[in-house]
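An overview of the molecular structure
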Amino acid sequence: MRRLLLSALSLAALLGASCARVQFADSPEPPPIRPDYAGVTVPEGMAPLRFDMADGRRFSSTEVRIGDTLFVTVRAWEKGSRTGVRYAPFPIYISHDPIDPYIAYRLIQPSYESWREMGLYARELSSWRERPIVTNAATGGGCVNCHHFPGGDPGRMLFHARGPGGGTVFLEGGDARILNLATVGPHKQGTYPAWHPSGRWVAFSSNSTQQSFPVASTQPIEVYDHFSDLILMDLQTDSITLHSPVANLEHMETFPAWSPDGKQLYFCSADSSADVAKDRARIHYALKALDFADGRFTGEPRTVWESDTLSVSFPRPWGKWLLLTVSGYGTFPIWHREADLWLLDTENGRMRPADELNSDDTESYHSWSSNGRWVVFSSRRLDGRYTRLYIAHFDGEGHFSKPFLLPQKKMSHNDLRLRSYNIPEFVQGDPGKHDIQVSKLFAR
Amino acid sequence: MKKAVTPLLIAAAVFTVSLIAQRYTLICQEYDGLFLAVPDYFRQLFRKPLPLSHLVTDFLTQFFRFSVYGPAILAVLVTAVFLLLRRLLSAVGLQLECICALGALGLWVWTASRPTVLPLVAALLFLAAAVLLTLPLKARKPVRMKDRHDLSLSSAIVLCAVGALLSFPAVRRAETWAKVKHATAYAQWDLLLESATPERAEKNRVLTPFALLALNEKGLLADQMLTYPVTWQSDLDMAEQGDSYESLFFRAALYDRLGCGNESIHNLFQLSNMQEHGTSFLILRQLALQHYRIGNYVLAEKYCRILERSSLHGQYVRYIRDCMAAGEPRPQDAPARLAEAPLITHDPLRNILLIENEGIHSPISLERVLCTLLLRRNLDGFWESLDRLTDRSARLPRHYQEALLLAGAAQERVDPQLAEQYSRFQADFASLSAKQLHKRYGTTYWFYYIFYDQQNHTNP
């Protein structure tokens, strides 16, 4: 035992001595770290932000908290070198605005036409723990997509499970049921969902979507709809109704989103085309709104925002603010490098690119926390292909903080993971694991 | 010393036979395998039944990339199973080497027709656990046959196992396919043609497109295409074969050869969904290479980093990084170009033309276009393209000349002997049965043109 202790002490002394031999020169610059966490704002209790040196050097870091700012000092050196650099400390700001404790997302290989394993997962934000909510092992290997937690309620969820025996799965208060929307009412399948704040209705878009593959351009995939409509499902009667102004052949309507008071539905709409693939550059979706009262849509849609050169998707309202994705054309911005997040003030109609959030690469699907103080969105800025999640603070006055990459136990996990994060949504509690419940639906 | 004879015999037999009969099968197990020191790999692994067996199998399979290592590892595994069985039986008082040899070699022969060595590894781990459990047991006096008898029987069992494995049609088929796959992945066209002969392609139609690609690469497609059992266009391009493993693998290779990295990557991603781990070493290597070729160095580097998490990719990763260091990444296309970029279609011929229009020229394109037109029986299109795209003074390949005879065009470019054969064909056409004609003219374009039904692509 004594010998063991002596060996351990000798080893520690040796290690200490080797560290002490490195001489550090001070640098006034912040350290070149990956991801760039300098100056980001994080919620209290967030899992630690782990980073690497961008150039792969070895490093150590120390943190000092002064008030609501964490100052991180980084010392970096080359392996085997006796000299290193001590960089100027960089700040990480800590916000007292609470954040929902979980984010739900789908993990999938960057989508081409087929898939093998995919699933909906929940990530606890105070730790690095990720757990499956439901995987396609429970649905016979079919695609699971378009999950949605109304208002971030962990006890209510819907998602689509495609393939034989598939349909839309509703998980509510411990009950699970499946309904194939294509067999009800107007026989239209559901795609992007929006659950009404009252909980009674769900608006879906019904899309006929196709992927195409450019021969030689730097964009690997193009996705477009041949046609799309909006449908409304009444969960009390399991009936589906159409409203002709948003269910016709002249226009393509998609991405429904309820206003917080549930009195209007935002959606995106473009004129139909006989050859969408050919005309895709000329298809620009506008943001529209439709009134809703007493369980039905009323009147004609009105245009909230439109452009001849830009196309909008994924409107997500919070209070008077509406965050959306804007791309050059089309309806599937995740494959468009120019896609950015924009913020619309619905009171004055002013819209601006949310430059604080955007990068040179794709920014796309986004959602608000339940208190509207945080947004999570997906971005391809890390490698241009595999979407990763970023979180930013919102001050309620139209300004976002610098976003931070969802931290992982090791930064390298972001490089090594071969799946993309898809449709992130904040959830107010642990959504649980539903594989068994869902597999029973498919066993029937 | 006597105790070492049987295991040595088994090891030698397994190594030699595997090296001869399963060399490429084992190499291709590495292509489809994966072992990465990354969290997602382990998470997925431990969701499977028998995770330890999968882990050991995946780890060992990495080494199959080198042609001698696979047979050597297999020999060690089979011998270890034999030794553990022997130890187990001796613990219960039986010393019957022939039974142990039968068990170990039977498992070897059965595993030979499986896609991985998992059954062998699982058996080995199970036996190792059983031996550990029996260690505290007091050894019983062994009941044994005479050594001489036991050794003769064991030798006979080794011979039987070797004979069984060598005569197993599934093992031979797998080896042929593996050789074709290896040759395609590394552009070894002579090796491919040596393996995918017309006779073998007759028995296994999936070999035909690969053989035709090899002929195309060697500039012999228009001379020898119809020596293979070609009955419709899809035998050339696999366009109608759906998304089978073979067709995705073929299309990934074809578009790579045509210089269309995007479409090659598309097919590699599709292929990855057919792999047990959602990807494989071969796919990761190809993704790194293809992304380097299309100038997407960021993604090429990502796949390099992932490959670095395996045991044996240091050299490959260095190669890709050296290439990138010497090259220039491709800048992103302007949005206006992206919006108008042509899209891949379901028509392989149109795709080749689109690729050419994008300024990507491949030495195999022209011959492929002309042969596709021939297989479509589009003689007008063929003649127009031939006239426009080829040197009028150059010697024409055999099938082009046959097509010209059929079309009655440019007879001056046709070899007189071939013209004579065509006259004989015309004379025989009225008098001979389809079968007789097939025997005499089955490798000519005239026969293909007249007899193969493009709807049903049936034989006459």
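As the structure is a prediction and not an experimental result, all values here were calculated from the model.

A short note on the overall build of chain B
- Assigned secondary structure in chain B consists of 27 helices and two strands.
- Taking the principal axes of the C-alpha coordinates as reference, chain B spans close to 90 × 65 × 35 Å.
- The buried share among the 460 residues of chain B stands at 43%.
- Across chain B, the fraction of contacts at a sequence separation of at least 24, relative to all contacts at a separation of at least 6, is 66%.

Here we look at the environment of E113 of chain A
- Along the chain, E113 of chain A falls in the loop between β9 (102-108) and β10 (119-124).
- When the C-alpha atoms of E113 of chain A and F442 of chain A are compared, they prove to be 23 Å apart, with 329 residues separating the residues in sequence.
- Excluding residues within four positions of it along the chain, E113 of chain A makes contact with Q211 of chain A together with Q270 of chain B.

Topic: the interface of chain A and chain B
- On the side of chain B, 37 residues touch chain A, which itself brings 32 residues to the contact.
- Ranked by residue count, the leading element in the side of chain A that touches chain B is helix α3 (residues 412-416) of chain A, at three residues.
- Split into classes, the residues belonging to the side of chain A that touches chain B amount to twelve nonpolar, nine polar and eleven charged.

A short note on the packing of helix α12 (residues 207-217) of chain B against helix α15 (residues 245-257) of chain B
Residue and element names in this part refer to chain B.
- Viewed as axis vectors pointing N to C, α12 and α15 meet at an angle of 10 degrees, and their least axial separation amounts to 11 Å. Classed by the angle they form, the pair α12 and α15 counts as roughly parallel. In this structure, α12 crosses over α15, and the sense of that crossing is left-handed. In this structure, α12 uses P209, F210, L213 and E217 to contact α15, whose residues at the interface are F250, A253, L254 and R257.
- When the residues that make up the contact of α12 with α15 are grouped by side-chain class, the tally is six nonpolar, no polar and two charged.

Quick look at the domain arrangement of chain B
Residues and elements named next belong to chain B.
- Per the domain assignment, the segments making up chain B are domain 1 (2-167), domain 2 (188-340) and domain 3 (377-451).
- Between the C-alpha centres of domain 2 and domain 3 there is a distance of 33 Å.
- With six residues of domain 2 at the contact, the number on the domain 3 side is eight residues.
- Residue composition of the side of domain 2 that touches domain 3, by class: four nonpolar, one polar and one charged.

Quick word on helix α21 (residues 348-357) of chain B
- Here α21 of chain B has its buried residues at P348, L349, N351, I352, L354 and I355 of chain B.
- In this structure, the buried side of α21 of chain B is in contact with α14 (234-237) and α22 (365-375) of chain B.

Structural notes on the sheet that holds strand β11 (residues 130-135) of chain A
All names here are of chain A.
- If you walk across this open sheet you meet the four strands as β11-β10-β9-β32, and the pairing is antiparallel. Two strands close off the open sheet at either side, each with one partner strand: β11 and β32 (420-427). The mean angle between the axes of side-by-side strands here comes to 25 degrees, regardless of whether they run parallel or antiparallel.
- The pairing of β9 with β10 spans six bridges and is antiparallel. The residue bridging L107 from the neighbouring strand is G119, located in β10.

Some words on the nonpolar core
- Counting residues in each nonpolar core, the largest one holds 127 residues, and the members touching the most others are V78, V81, A104, L120 and A211 of chain B.
- Here V78 of chain B is in contact with I10, V14, A104, L105, W108 and L120 of chain B, once residues within four sequence places are set aside.

Thoughts on the sheet that holds strand β31 (residues 404-405) of chain A
- What the four strands build is an open sheet, ordered β28-β29-β30-β31 (chain A); its pairing is antiparallel. The strands lining the two open edges of the sheet, one partner per strand, are β28 (363-368) and β31 of chain A.

With respect to unusual backbone geometry
- A cis geometry characterises the amide bond from R34 of chain A onward to P35 of chain A, with omega recorded as -5 degrees.
- Assignment of secondary structure puts P35 of chain A in the loop between β2 (33-34) and β3 (41-43).
- Within the chain, L50 of chain B stands out as a residue other than glycine whose phi angle is a positive 55 degrees.
- Within the secondary structure, L50 of chain B is located in the loop between α3 (39-45) and α4 (51-61).
- By C-beta crowding, L50 of chain B is classed as partly exposed, having 14 other C-beta atoms within 10 Å.

Thresholds, definitions, all that
- Residues numbered from 1 in each chain as written.
- Chains lettered and ligands numbered in written order.
- Predicted model: local features only at pLDDT ≥ 70, side-chain atom pairs only at ≥ 80, totals over all residues.
- Helix = DSSP H or I, 4+ residues; strand = E, 2+ residues; numbered from the N terminus.
- Buried ≥ 20, exposed ≤ 12 C-beta atoms within 10 Å, placed from the backbone.
- Contact = placed C-beta atoms within 7 Å.
- Nonpolar A, V, L, I, M, F, W, Y, C, P; charged D, E, K, R; others polar.
- Axes fitted to C-alpha atoms, helices over the stretch in contact; angles between N-to-C directions.
- Parallel < 35°, antiparallel > 145°, perpendicular 65-115°, else oblique.
- Left-handed = near helix turned anticlockwise from the far one by under 90°.
- Domains from an automatic or database assignment.
- Pairing = 2+ DSSP bridges.
- Core = buried A, V, L, I, M, F, W, Y, C linked by C-beta atoms within 7 Å.

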